[in-house]
Amino acid sequence: SFLHNSEKCQFLCVFCFKSRKESMARNVVSADPAAEFPAEAGRYHLYISLACPWACRTYFVLKAKGLENVISKSIVHWKISGNDGWAFGPGQYRCDADDVNGKNFLREVYKVHDPEYSGKITVPILFDKKTKKIVNNESAEILRMLNSEFNAFCETEEQKNLDLYPEDLRTSIDEWNDVVFTDVNLGVYRCGFATSQEVYDGFVVKLFNALDKLEDRLSQARYLTGSRFTEADVRLFVTLARFDLVYVGHFKCNKRRIMDYPNLWAYTREIHQMPGIEETVDRFHIEHHYQESHLHVNPAGVVAVGPDLDFKAAHGRDTKFQ
């Protein structure tokens, strides 16, 4: 574990943070028709939260690969309440009913999969409507399935040919994933949930050292691995898109904003402006989830007004790296 035993109780968010060890379903959808879970149009359903960066990286790839008419989805309510956990919120802003299983809470979907299940309730979930089983609830693995196993169903040839984990870049992607996962994706949570000054001081230094390294890299290359957009960029983007909205204030990651990094901020805007990606970044869900749900961090549940952010401003990355 990345935490000493004495620190584990200081860093527990069963709703948004989850390590690979916590994922309870690790099966794979395959393009092979003979597989246990073969890729089929209309068979699978994705349960996501628009607030959660882990869930939204799967939504990002669903959009980028043109699979929205192939894999259905449900968006849960932004607020987590007490023991109920993630809930469905039909009729509320960008919240869905559970049209697949007819449940009120996500924990009930886990019970459809396994009536005896008593573990953590997390998003995303890739659910098989045919067998009524959760195929996988590990976002990194779902991301790769969506990238490679449903190519026969992509809307356009361009989306079919998009490969976010190309074989010739895998070593570089994996190296950047390690940097981003440990010190950035998890780094903001480590800072936000620290309950001692010593713990916070250590994690916040690592976070901003990593951001400085990423800023330097993106001053030299359009994307993390070079000229091609990959899953490493997806994994970084979901944290960058939330950073100034909630992590600066709510998680005390306030040494610098992403807006203060010329290359990271332009990079964030470029990705946000890619076709369909704006829909994966919902300011209301993000701000209200963190500040209404994390009452150990924000006891009054008051939602801050937040910064003025213009994700639509020209980014210039296309001309800078011609």
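My aim in this report is to walk through the structure given alongside it, one point at a time. Note that the structure is predicted; figures quoted are calculated from it, not measured.

### Let's talk about the overall build of the protein chain
When helices and strands are tallied, the protein chain shows twelve helices and four strands. Here the C-alpha radius of gyration of the protein chain, 19 Å, is about what a compact globule of 322 residues would show, namely 20 Å. Taken over the C-alpha atoms alone, the protein chain extends approximately 50 × 50 × 40 Å along its principal axes. Long-range pairs, those at least 24 residues apart, make up 69% of the contacts in the protein chain with a sequence separation of at least 6. With the model as given, the accessible surface of the protein chain reaches about 13,900 Å², and the carbon-plus-sulfur share is 48%. For the protein chain, the separation between the mean place of its 40 positive charges and that of its 45 negative charges on side chains is 2 Å.

### Structural notes on the pattern of salt bridges
Across all of its chains, the model carries 18 salt bridges by this definition. With a shortest N-O distance of 3.7 Å, Glu 278 and Lys 312 are connected by a salt bridge. In this pair, Glu 278 sits in the loop between helix H10 (262–272) and helix H11 (283–293) while Lys 312 sits in the loop between H11 and helix H12 (317–320), placing the two residues 34 residues apart along the sequence. Under the relative-accessibility criterion, Lys 312 is labelled exposed at 61%. In the salt-bridge network here, residues are joined through shared partners; they are Lys 63, Glu 68, Lys 73 and Glu 279.

### Concerning the environment of Leu 240
Of note, Leu 240 is situated in helix H9 (residues 231–247). The spatial distance from the C-alpha of Leu 240 to the C-alpha of Arg 269 is 9.8 Å, given a sequence separation of 29 residues. Look past the residues within four positions of Leu 240 in its chain and what remains in contact with it is Leu 211, Ile 258, Leu 264, Tyr 267 and Thr 268.

### Structural notes on the pairing of strand S4 (residues 133–136)
As paired elements, strand S3 (residues 125–128) and S4 share three bridges and run antiparallel to each other. Across the sheet, the residue bridging to Asp 128 is Lys 133, located in S4. Counting the residues in the hairpin turn of S3 and S4 gives four residues, including Lys 132, whose phi is positive at 60°.

### Concerning the sheet that holds strand S2 (residues 72–75)
If you walk across this open sheet you meet the four strands as S2-S1-S3-S4, and the pairing is mixed. If you trace the sheet from one side to the other, it starts and ends with S2 and S4, each paired once. With direction set aside, neighbouring strand axes in the sheet form an average angle of 30°.

### Topic: helix H2 (residues 53–64)
With twelve residues, H2 extends 16 Å between its outermost C-alpha atoms, agreeing within 8% with the 16 Å of an ideal straight helix rising 1.5 Å per residue. Burial analysis of H2 places twelve of its twelve residues in the buried class, which makes it a mostly covered element. Within H2 the residues assigned to the buried category are Pro 53, Trp 54, Ala 55, Cys 56, Arg 57, Thr 58, Tyr 59, Phe 60, Val 61, Leu 62, Lys 63 and Ala 64. Gly 66 sits one or two residues past H2 and shows a positive phi near 65°.

### Topic: the nonpolar core
In terms of nonpolar packing, the biggest core is built from 96 residues, with Leu 106, Leu 211 and Phe 243 touching the most fellow members. If one sorts the elements of this core by residue count, H9 sits on top with eleven residues. Those residues in contact with Leu 106, other than ones at most four positions away along the chain, are Tyr 47, Trp 86, Phe 88, Ile 121, Thr 122, Val 123 and Ile 125.

### A short note on the packing of aromatic side chains
Aromatic ring pairs are reported here in terms of the distance separating the ring centres and the angle at which the planes meet. Per the counting criterion, the structure on display carries 22 aromatic pairs. Geometrically, the ring pair formed by Phe 208 and Phe 243 is edge-to-face, given 6.1 Å between the ring centres and 85° between the ring planes. Of this pair, Phe 208 sits in helix H8 (residues 197–220) while Phe 243 is found in helix H9, placing the two residues 35 residues apart along the sequence. Like Phe 208, the residue Phe 243 is buried in the burial classification. Taking 5.5 Å as the distance between ring centres and 85° as the angle between the ring planes, the aromatic pair formed by Tyr 247 and Tyr 290 counts as edge-to-face. Here the residue Tyr 247 occupies a position in helix H9, and Tyr 290 occupies one in helix H11, the gap between them amounting to 43 residues. Of the two residues, Tyr 247 and Tyr 290, neither departs from the other in class, the shared state being buried. Directly above the aromatic system of Phe 105 lies the positively charged group of Arg 107, at a separation of 4.6 Å from the ring centroid. Stacked on the ring of Tyr 165, the Lys or Arg Arg 144 has its end atom at 3.7 Å from the ring centre.

The rules behind these values
Residues numbered from 1 in each chain as written. Predicted model: local features only at pLDDT ≥ 70, side-chain atom pairs only at ≥ 80, totals over all residues. Heavy atoms only, no water. Helix = DSSP H or I, 4+ residues; strand = E, 2+ residues; numbered from the N terminus. Rg over C-alpha atoms; globule rule 2.2 N^0.38 Å. Contact = heavy atoms within 4.5 Å. Areas by Shrake-Rupley, 256 points an atom, 1.4 Å probe, with all protein chains shown as cover. Lys, Arg positive; Asp, Glu negative; His and termini not counted. Charge placed at Lys NZ, Arg CZ, Asp CG, Glu CD. Salt bridge = Lys/Arg side-chain N within 4 Å of Asp/Glu carboxyl O. Buried < 20%, exposed > 50% of the residue type's maximum accessible area, 1.4 Å probe, protein only. Pairing = 2+ DSSP bridges. Axes fitted to C-alpha atoms, helices over the stretch in contact; angles between N-to-C directions. Expected span 1.5 Å × (residues − 1). Core = buried A, V, L, I, M, F, W, Y, C linked by side-chain atoms within 4.5 Å. Phe/Tyr/Trp six-rings, centres within 6.5 Å; stacked < 30°, edge-to-face > 60°. Lys NZ or Arg CZ within 6 Å of the ring centre and 35° of its normal.

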